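Here are the chains, one letter per residue:
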Amino acid sequence: RLLNQLRLNQRDKHWIVYLTFSYNRISNPIFNDVSYLGNSLFISEYMNYDRSNHINTEMRLGYNGILNHFNIRGTLGYNHYNTKSDHFSHHLNDVYWSLLGEIYFGKWELSAYYLKPQKQLIGESIITAENNADIRLSYRPKNNLSLMLICMYPFSGKGSKYHTKNLATDNPSQKQIY
């Protein structure tokens with residue numbers, strides 16, 4: 001297994017900047033493989049594949065104290081996955097992002113957050129991470145006490161969602177869990 005990562009961070013009174021670059025290579029990873037035997041019979045077994053590569057780059061930017069009442073933060077990332085075995089080769093390119101805005105006055109704060117989730121290629125499966133969005137209103141009457149009202153998934157009719165897509169030629173499938 002080879003994992004290389006470079007992370008650059010810069011922070012001052014107002015600005016927050018994070019840059020991350022990583023490369024992960026696994027030789028002979030073990031993944032679940034499904035094969036069709038005929039007569040509606042499938043066999044599932046764990047096998048060593050040739051390799052699994054993952055390249056990621058991510059930038060996080062934030063600015064605090066806009067007009068002494070606003071903060072904004074965002075993330076923009078890119079993933080490239082590549083898995084290979086004797087009988088398949090798959091690639092996945094994925095862009096993900098998030099945005100957070102905060103407004104605060106005295107002991108009150110209102111914030112909104114949205115995340116376009118990341119996807120991963122694991123063997124022959126594409127897995128989408130949990131979607132996330134919320135709106136929060138908080139009140140801090142004391143330094144050690146905070147009251148918060150949260151509306152989760154306001155932009156998604158069914159709430160939390162997980163999606164898995166199997167790319168196997170013998171057993172293609174998709175699954176969504178809410």
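Structure shown above.
Here we summarise the structure given alongside this text.

Calculation criteria
- Residues numbered from 1 in each chain as written.
- Predicted model: local features only at pLDDT ≥ 70, side-chain atom pairs only at ≥ 80, totals over all residues.
- Heavy atoms only, no water.
- Helix = DSSP H or I, 4+ residues; strand = E, 2+ residues; numbered from the N terminus.
- Rg over C-alpha atoms; globule rule 2.2 N^0.38 Å.
- Buried < 20%, exposed > 50% of the residue type's maximum accessible area, 1.4 Å probe, protein only.
- Contact = heavy atoms within 4.5 Å.
- Areas by Shrake-Rupley, 256 points an atom, 1.4 Å probe, with all protein chains shown as cover.
- Lys, Arg positive; Asp, Glu negative; His and termini not counted.
- Charge placed at Lys NZ, Arg CZ, Asp CG, Glu CD.
- Salt bridge = Lys/Arg side-chain N within 4 Å of Asp/Glu carboxyl O.

**A short note on the overall build of the protein chain**
In step 1: The helix and strand inventory of the protein chain stands at zero helices and 14 strands.
In step 2: If you list the helices and strands of the protein chain from N to C, you get β-β-β-β-β-β-β-β-β-β-β-β-β-β.
In step 3: The C-alpha radius of gyration of the protein chain comes to 21 Å, more than 25% above the 16 Å expected for a compact globule of 178 residues.
In step 4: Taking the principal axes of the C-alpha coordinates as reference, the protein chain spans close to 70 × 35 × 25 Å.
In step 5: Split into buried and exposed, the 178 residues of the protein chain put 30% on the buried side.
In step 6: Summarising the internal contacts of the protein chain: among those between residues at least 6 apart in sequence, 42% fall at separations of at least 24.
In step 7: Counting every atom, the protein chain has about 11800 Å² of accessible surface; 56% of that belongs to carbon and sulfur.
In step 8: A distance of 10 Å separates the average location of the 19 positive side-chain charges in the protein chain from that of its 13 negative side-chain charges.

**A closer look at the pattern of salt bridges**
In step 1: One pass over the full model with this rule turns up five salt bridges.
In step 2: Measuring nitrogen to oxygen at the nearest pair gives 3.7 Å for the salt bridge that ties Lys84 to Asp50. Here Asp50 lies in the loop between β4 (41-48) and β5 (51-66) and Lys84 lies in strand β6 (residues 70-84), a separation of 34 residues in the sequence.
In step 3: Here Asp50 falls in the partly exposed class, since its relative accessible area comes to 31%.
In step 4: We note a salt bridge from Glu102 to Arg73, for which the minimum N-O separation is 3.4 Å. Note that Glu102 is positioned in strand β7 (residues 89-105) and Arg73 in strand β6, a separation of 29 residues in sequence.
In step 5: You can call Arg73 partly exposed: its relative accessible area is 30%.

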